[in-house]
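In case you want the letters, here they are:
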Amino acid sequence: MNALPVAESTKRECQACPVADHAWTRLLVCLSCGWVACSDDARGGGHARAHYEETDHPVVASLEPGSTWRYCYVHRRNV
């Protein structure tokens, strides 16, 4: 079964960090719904992991230009 493309958020910022007045170091996009959030290494961050814990959307990808990095929270490894 092929996955359908996900429309990524038009915002290139963690959608939770501005509320807490935090900066992020690396942005990730949820491949289930397109939610953009910071990685675990962001100050006060980990909003991508929190999104997974709330929604069970398991796979994220880096938003860095040219990156093919993807991570699965369920299997705790790159995919």
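It should be noted that the structure appears before, not after, this text.
Residues numbered from 1 in each chain as written. Predicted model: local features only at pLDDT ≥ 70, side-chain atom pairs only at ≥ 80, totals over all residues. Heavy atoms only, no water.

K.L.:
Describe unusual backbone geometry, with residues and values.
P.N.:
One non-glycine residue, Asp56, adopts positive backbone phi at about 65°. Mapped onto the secondary structure, Asp56 falls in the loop between helix H2 (47-55) and strand E3 (59-62). Residue Asp56 is classed as exposed on the basis of its relative accessible area, which comes to 58%. With a phi angle near 55°, Arg76 is a residue other than glycine that sits in the positive phi range. Within the secondary structure, Arg76 is located in the loop between strand E4 (70-72) and strand E5 (77-78). On the accessibility criterion, Arg76 (69% relative accessible area) is exposed. (Helix = DSSP H or I, 4+ residues; strand = E, 2+ residues; numbered from the N terminus. Buried < 20%, exposed > 50% of the residue type's maximum accessible area, 1.4 Å probe, protein only.)

K.L.:
How would you explain the packing of aromatic side chains if you had to name every residue and give the values?
P.N.:
Tallied over the full model, the rule gives three aromatic pairs. Between Tyr52 and Tyr73, the ring centres sit 5.1 Å apart and the planes meet at 15°, which makes this aromatic pair stacked. One end of the pair, Tyr52, is in helix H2; the other, Tyr73, is in the loop between E4 and E5, with 21 residues separating them in the sequence. The pair formed by Tyr52 and Tyr73 is uniform in burial state, with each residue classed as buried. Taking the centre distance of 6.1 Å and the plane angle of 10° together, the rings of Trp69 and Tyr71 count as stacked. Accessibility expressed as a relative area gives 25% for Trp69, which makes it partly exposed. An aromatic cluster is present here, built from Tyr52, Trp69, Tyr71 and Tyr73 joined pairwise through their rings. Positioned over the ring face of Trp69 is Arg26, at 4.7 Å from the centre of the ring. (Phe/Tyr/Trp six-rings, centres within 6.5 Å; stacked < 30°, edge-to-face > 60°. Lys NZ or Arg CZ within 6 Å of the ring centre and 35° of its normal.)

K.L.:
Got a sec to walk through the nonpolar core? Specific residues and values, please.
P.N.:
Among the nonpolar cores identified, the biggest contains 16 residues, and Cys14 and Tyr73 are the most heavily contacted of them. Put simply, the parts of the chain that give this core at least two residues each are strand E1 (27-30), strand E2 (36-38), H2 and E3. Ignoring sequence-local partners within four residues, the contact set of Tyr73 consists of Leu28, Ala48, Arg49, Tyr52, Pro58 and Val60. (Core = buried A, V, L, I, M, F, W, Y, C linked by side-chain atoms within 4.5 Å. Contact = heavy atoms within 4.5 Å.)

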